[in-house]
Amino acid sequence: MTATSDSPTREKYWTLENRLAAALLLLAGFVGAIAFARSDGYFVTFMTGNTERAVVGGFVGHGGMAIGAAALIACFLGGVLVGSILRRRFWRNPPGDSTLLCTVALAAGTVWDNFAYSDETPIPLGPILCVAFAMGALNTAFVRNGEVSIPVTYVTGTMVKLMQGIERHLAGGTYREWLGYAVQYTFFLLGALLGGLLALVTQGSRWMLYGATIGCAVVCAYTWWKYRRS
């Protein structure tokens, strides 16, 4: 097939924003998998599931889980709000600054777990709330016209847009209709895979939080480095 001017070449697609988005999606999948694998099944990236748990839990005898889900939603929203306020008033490198806030929140959860709980138990709700806050803050990394342009934890929406893009391609469009969403989903999936592998090779909950914090710090450093070179 002869390349045309609108063909999805590497140079056209792999922009700085897309590279940074891939790194943050990898991080979101990694941290989400860690939280799920070493907690009592809490979601820190899946607010749809938490909303259903918060509403339905009390009706099916899982009141504690319902309260926990509601608290996770509140902390996730708090992360979005704080990140948005800081972005509007102070931040000059939004992807790097949001990742830095995410790192600080994860570190706070790690310290909380380290001093307040045993390493033999699943990660308790308290530190997981810090992780949910971190994931909310991470979603403020990419904003256009006052709204999030790349929601790094909203995988359901990404999958819907992926399939709609494939339909547009079949109807006469190009690969560019769906390529970006496929890459976003792939990196989130890869992050979840890495988180699951870490769960297999580590013992105790504390090392999982260490892994999440260190992984976030590495992505933060990468984001700042790339942004400064641009």
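Residues numbered from 1 in each chain as written. Predicted model: local features only at pLDDT ≥ 70, side-chain atom pairs only at ≥ 80, totals over all residues. Heavy atoms only, no water.

### Considerations on the nonpolar core
To keep things clear, this is the line we draw: Residues grouped as a nonpolar core are buried Ala, Val, Leu, Ile, Met, Phe, Trp, Tyr and Cys residues, joined through side-chain atoms within 4.5 Å. Relative accessible area decides the class of each residue, using a 1.4 Å probe on protein chains only: under 20% of the type maximum gives buried, over 50% gives exposed, and in between gives partly exposed. Going along the chain from the N terminus, every DSSP run of H or I of four or more residues is numbered as a helix, and every run of E of two or more is numbered as a strand. What makes two residues a contact is simply this: any of their non-hydrogen atoms within 4.5 Å.
Core analysis: the biggest nonpolar cluster contains 41 residues, and L24, V31, M135, L138 and F142 have the highest contact counts within it. Looking at this core, the elements that each hand over two or more residues are α2 (16–37), α4 (63–89), α5 (94–116), α6 (125–138), α8 (179–201) and α9 (206–229). For this core, the element with the most residues is α2, which contributes 11 residues. Residues within four places of L24 in sequence aside, it is in contact with T99, L138, A141, F142, V152, V219 and T223.

### Looking at a nonpolar patch on the surface
As a reminder, the rule being used: Each patch is built from residues that are more than 30% exposed by relative accessible area and take part in no salt bridge. Like charges join if they lie within 9 Å; nonpolar side chains (Val, Leu, Ile, Met, Phe, Trp, Tyr) join within 5 Å. Where accessible areas are quoted, they stem from the Shrake-Rupley method and a 1.4 Å probe; at the residue level, only the protein chains shown are allowed to cover. The rule for a salt bridge is simple: a side-chain nitrogen of Lys or Arg has to be within 4 Å of a carboxyl oxygen of Asp or Glu.
Among the surface-exposed residues, L190, L193, L194, L197, L200 and V201 lie close enough to one another that they form a single nonpolar patch of about 600 Å² accessible area. Mapped onto the elements, V201 comes out in helix α8. Taking relative accessible area as the criterion, V201 reaches 67% and is therefore assigned exposed.

### Considering the UniProt feature "transmembrane region" (unreviewed entry) in the chain
Quick note on the threshold: UniProt positions are given in the numbering used here, feature names are shortened, and annotations may be inferred rather than shown by experiment.
Under the feature "transmembrane region" (unreviewed entry), the UniProt entry names residues 63–86, 98–117, 123–143, 178–201 and 207–225. In the segment residues 123–143, helix accounts for 67% and strand for 5%; the C-alpha atoms at its two ends are 32 Å apart.

### Thoughts on α2
Note the threshold: In a helix, the anticipated span is given by 1.5 Å times the number of residues less one.
Compared with an ideal rise of 1.5 Å per residue, which puts 22 residues at 32 Å, α2 spans 32 Å between its outermost C-alpha atoms and is within 8% of the ideal. Counting buried positions over the 22 residues of α2 gives 16, a clear majority of the element.

### What to know about the packing of aromatic side chains
To keep things clear, this is the line we draw: Stacked, tilted and edge-to-face pairs are distinguished by plane angle, under 30 degrees for stacked and over 60 for edge-to-face with tilted covering the rest, among Phe, Tyr and Trp rings (Trp via its six-membered ring) whose centres lie within 6.5 Å.
One pass over the structure, following the stated rule, counts five aromatic pairs. Their ring planes at 10° and their centres at 5.6 Å tell us that F36 and F43 sit as a pair that is stacked. Look at Y175 and W178: their rings are 5.6 Å apart centre to centre, the planes differ by 65°, and that puts the pair in the edge-to-face class. Here the aromatic cluster, defined as three or more aromatic residues joined through ring pairs, consists of F36, F43 and F46.

### So, the confidence of the model for the chain
Interpreting fine coordinate detail is not advised for predicted regions of low pLDDT. To keep things clear, this is the line we draw: What pLDDT reports is the predictor's confidence in each residue, on a scale of 0 through 100.
When the pLDDT values of the chain are averaged, the result is 87; 92% of them are 70 or greater. Segment residues 1–8: pLDDT under 50, and 10 contacts once partners within four positions in sequence are set aside and those in other chains are kept.

### As for the packing of α5 against α6
Spelled out, the test is: Lines fitted to the C-alpha atoms define the axes, with helices restricted to the stretch that makes contact. Angles between their N-to-C directions range from 0 to 180 degrees. Angles below 35 degrees are treated as roughly parallel, those above 145 as roughly antiparallel, those between 65 and 115 as roughly perpendicular, and all remaining angles as oblique. Note that Gly is not counted as nonpolar here; it falls among the polar residues with everything else outside the nonpolar set of Ala, Val, Leu, Ile, Met, Phe, Trp, Tyr, Cys and Pro and the charged set of Asp, Glu, Lys and Arg.
Relative orientation of the contacting elements α5 and α6 amounts to 180°, with a least axis distance of 8 Å. One element, α5, and the other, α6, form an angle in the roughly antiparallel class. The residues of α6 that touch α5, namely those facing S98, T99, L101, C102, A105, L106, A108, G109, W112 and D113, are G126, P127, C130, V131, F133, A134, M135, A137 and L138. For the contact of α5 with α6, a count of residues per class yields 14 nonpolar, four polar and one charged.

### Topic: the side chain of T99
Structurally, T99 is set in helix α5. When sequence neighbours within four positions are dropped, the list of residues in contact with T99 reads L24, L27, L138, C216, V219, C220 and T223.

### Considering the packing of α4 against α6
As a reminder of what qualifies: What makes a crossing left-handed is the near helix being turned counterclockwise from the far one by less than a right angle; a clockwise turn instead makes it right-handed.
In contact at an axis separation of 6 Å, α4 and α6 are set at 35° when each is read in the N-to-C sense. The chirality of how α4 crosses α6 is right-handed. Along its contact with α4, which presents G68, A71, L72, C75, F76, G78, G79, V80 and V82, the element α6 presents L125, I128, L129, A132, F133, M135, G136 and A137. Looking at the contact of α4 with α6 residue by residue, the class counts come to 13 nonpolar, four polar and no charged.

### Focus on the environment of G146
Examined against the element boundaries, G146 turns out to sit in the loop between β1 (143–144) and β2 (147–148). In the structure, G146 is positioned 62 residues away from S84 in sequence and 9.3 Å away in space, judged by C-alpha atoms.

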